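# Results of the structural survey
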Amino acid sequence: MDTIKTDYLKDKFNELQSSSADDVLSNIREEGFKNFNKVGLPAPHNEEWRLTGISNLFKKEYHLSELENTITIADIDTARLPGYENANELIFINGKFIPELSTIRSSENDCIVLPLEEAIKTEYKNLIDEHLNKSYRFIKDGIHALNTSFMHGGVFIYINKNKVLQHPFYLYHFADARNNHLLSQPRSLVYIDENAKGQLTEYYTTIGAMDSFTNEVMEIVVNTNAIAEYYKIQNDVANASQVTTTHIRQIGKSYTHAVTVSLNGGMIRNNMNVIMEKEGNEAHLYGLYLLKRKTHVDNHTLVDNTKPNCFSNEFYKGILDDNASGVFNGKIFVRQDAQKTNAYQSNKNILLSDDATINTKPQLEIFADDVKCSHGCTIGQLDEEALFYLRTRGISKELAQSMLLEAFAEDIVMQIKHEPLRKYVEELIVERLSIN
Amino acid sequence: MLSIKNIHASVEGKQILNGINLEVKAGEVHAIMGPNGSGKSTLASILAGREDYEVTEGSVFFEGNDMLELSPEDRAREGLFLAFQYPVEIPGVSTTNFIKTALNEKRKYNGQEPLDAVSFLKMMKQKMQLVEIDKSLLTRSINEGFSGGEKKRNEIFQMAMLEPKLAILDETDSGLDIDALRIVANGVNKLRNENRAIIVITHYQRLLDYLQPDFVHVLVNGRIVRSGTKELALELEEKGYDFLKDELSLAEAL
Ligand SMILES: Nc1ncnc2c1ncn2[C@@H]1O[C@H](COP(=O)(O)OP(=O)(O)O)[C@@H](O)[C@H]1O
Ligand SMILES: [Mg+2]
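### A look at the overall build of chain B
A tally of regular secondary structure across chain B gives ten helices and twelve strands. In terms of overall size, chain B behaves like a compact globule, its C-alpha atoms giving a radius of gyration of 18 Å where 254 residues would be expected to give roughly 18 Å. For the C-alpha atoms alone, the extent of chain B along its principal axes is close to 55 × 40 × 35 Å. For chain B, the accessible surface area stands at approximately 11,300 Å², while carbon and sulfur atoms represent 47% of it. In chain B, the 30 positive side-chain charges and the 39 negative ones have mean positions that sit 5 Å from each other.

Okay, here's the thing in structure tokens:
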């Protein structure tokens, strides 16, 4: 039997540390690797990872590819998302941000986009010091530590005060798995300053038939009166697995709106964390997973209310076919101080096959007394009554089915506020759900 | 047009219909009355093709075709329409899109081109007037949040749009106030013609006053125990089902 192979990581880590000069990142990595060695990869008995066997992904050796930039403009063109002409397009190859291939359309007045290594040499040093890797305090598991151990080639995005960006950010993550199994570990820090608004979309593309494993961490810091809009679209090949951690800290009274759409891939784990660090924060988290074959998607959400009067709403929906499996785990913390918290959560699923499975679990930990929390989940089949109704009007069974499934999905798709993206996702879904 | 012969049917092992015979010709309006639970909706469901019901005996021919062999959608495309007693709410599916899809599926089946947007809108407008339904209802999801009366009106609107050869209206009048009933009944009357047959299932004389059916049948315990003209309905209204005691006890005995 294959056993876990992580020894090679030590060599790669030492290589990286000796090749890189700057202290700030080097120290963070050092700390990260220490933690990684201490806790190791999440094991099956780890409650948070029980249903997503990530350690299986490490039964092989990955390349942590250095600058062999084999992805061409033509490759990038095939992945561009609608609306790209107006977007700030950030290209990541094998986990590294590649400025030369990226296009920033916003002016420097509006926002700054720099490789992390460069950014810490600028006036933003203190800000980065203060916020980079703050997610570690919440996420003690080895997979997060592994990303931190190899934090280099990341990106720093700063959106200036009072700037409502007209150009959304599109982050394209390319993994070149043509020759080797590839581990890419993108890392980014996004800071949306007071009264500013930023929109980010992440998209993942694996090229090649070997396995790719993306272990991503994005930290988003949202200051007072700022708005963070975040979209994640996962529509990669079956040999592409990923753990993505989106760690949003609302450090001032602010607003978050996030939609995660998972359509294809291997084993996917999404950690979506929102930390309410100031009174009066608001967050809306949505998710849609349309899964078939053997795709596994695990959405772990965390809303941590540390201050009073915060509002959060989570709505995740899934349609699972074939042998697909899904997990929804929604954790809500209401700390002692967080009186008058309003936290809602709902997870609805349709299983189209007997072999598809979904595990859904709300986890409410409430230490304040004056709070409103609710959660609900449903697991069902297509509504037979509705199906019959449509058929009695002359609509074929297959078409009626796809109409109902599209309607089910539309609740979430409509939450994509960026129109070109919404239309794009709508088309993908229509294509997926149409008669097959 | 429709020929029902000796239909027996059961659901979940429970026998509900015990030998129904009914002949309906083009242009005719038939009323089916009967106490709650006597099997009226079951009969309608069987005609529309609901799969939970098992026909254990008998046959249904529609325009010469063995209807029990057809899928629900093909029955509709052949010209059958059922106005549901309890129309379902379908969140997220717009009523207009749904009707357009239905209409074009039917046209496709009949070898016709899909309706272009302009013709479709024109037709919508015309039929909306016919059944006095508000446009705002049609932009919403199918029946979602509709009042009872609005749902029924939407059923008649769909009937107007799909122009069936045979329409079965299952208690389309129940739950309607007097005004709504008048509107719905007028709508149905306008949809009457010599090529179209209508079966109305109802408890009440009110609707029949408007529609003036050609025939009235009384269904008890899964059998038609009495058939007659519209005077039978008046008699029922006056005396209740009790006056059919003999037939009732006969049906009971079965
Ligand atoms: N799906 C079903 N499952 C079990 N029993 C049913 C079902 N549908 C109808 N029935 C039973 O069949 C009988 C006839 O019902 P129905 O046709 O709805 O009567 P009506 O429309 O005349 O009031 C009733 O006793 C009812 O409870
Ligand atoms: Mg009934």
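Past the structure itself, the notes keep going.
### Quick notes on the interface of chain A and chain B
Taken together, the 16 residues of chain A in the interface contact 30 residues of chain B. With both sides pooled, the region where chain A packs onto chain B buries about 1,900 Å², and carbon together with sulfur makes up 64% of that total. Sorting the residues of chain A by area buried against chain B places Phe388(A), Tyr389(A) and Arg393(A) first, and these three jointly supply 39% of that buried surface. Residues Glu155(B) and Arg393(A) are paired through a salt bridge, measuring 2.7 Å at the closest nitrogen-oxygen approach. Here chain A is connected to chain B by twelve residue pairs in polar contact (both at pLDDT 80 or more). For the side of chain A that touches chain B, the elements supplying multiple residues, two or more each, are α7 (384-391) and α8 (397-413) of chain A. By residue number, the principal contributor to the side of chain A that touches chain B is α7(A), which donates six residues. Partitioned by chemical class, the residues of the side of chain A that touches chain B number nine nonpolar, three polar and four charged.

### Considerations on the packing of aromatic side chains
The full count for this structure, using the stated rule, is 19 aromatic pairs over all chains. Taking 5.8 Å as the distance between ring centres and 75° as the angle between the ring planes, the aromatic pair formed by Phe58(A) and Tyr62(A) counts as edge-to-face. Through a chain of ring-to-ring contacts, the aromatic side chains of Phe13(A), Phe33(A), Phe36(A) and Phe150(A) assemble into a single cluster. In this structure, Arg335(A) is placed above the aromatic ring of Phe333(A), and the distance from its NZ or CZ to the ring centre is 4.7 Å. Over the ring of Tyr204(B) we find Arg206(B), and its NZ or CZ is 5.5 Å from the ring centre.

### Observations concerning the sheet that holds strand β5 (residues 65-66) of chain B
All names here are of chain B. Judged by pairing direction, the sheet is antiparallel, and its four strands sit side by side in the order β2-β1-β4-β5 without closing on themselves. The open sheet has two edge strands, β2 (14-24) and β5, and neither has a second partner. Here eight bridges tie strand β1 (residues 2-11) to strand β4 (residues 53-62), and the two strands are oriented antiparallel to one another. Paired with Ser3 across the bridge in β4 is Phe61.

Conventions adopted
Residues numbered from 1 in each chain as written. Chains lettered and ligands numbered in written order. Predicted model: local features only at pLDDT ≥ 70, side-chain atom pairs only at ≥ 80, totals over all residues. Heavy atoms only, no water. Helix = DSSP H or I, 4+ residues; strand = E, 2+ residues; numbered from the N terminus. Rg over C-alpha atoms; globule rule 2.2 N^0.38 Å. Areas by Shrake-Rupley, 256 points an atom, 1.4 Å probe, with all protein chains shown as cover. Lys, Arg positive; Asp, Glu negative; His and termini not counted. Charge placed at Lys NZ, Arg CZ, Asp CG, Glu CD. Contact = heavy atoms within 4.5 Å. Buried area = accessible area lost by both parts, 1.4 Å probe. Salt bridge = Lys/Arg side-chain N within 4 Å of Asp/Glu carboxyl O. Polar contact = N/O pair within 3.5 Å; in protein donor to acceptor, adjacent residues only side chain to side chain. Nonpolar A, V, L, I, M, F, W, Y, C, P; charged D, E, K, R; others polar. Phe/Tyr/Trp six-rings, centres within 6.5 Å; stacked < 30°, edge-to-face > 60°. Lys NZ or Arg CZ within 6 Å of the ring centre and 35° of its normal. Pairing = 2+ DSSP bridges.

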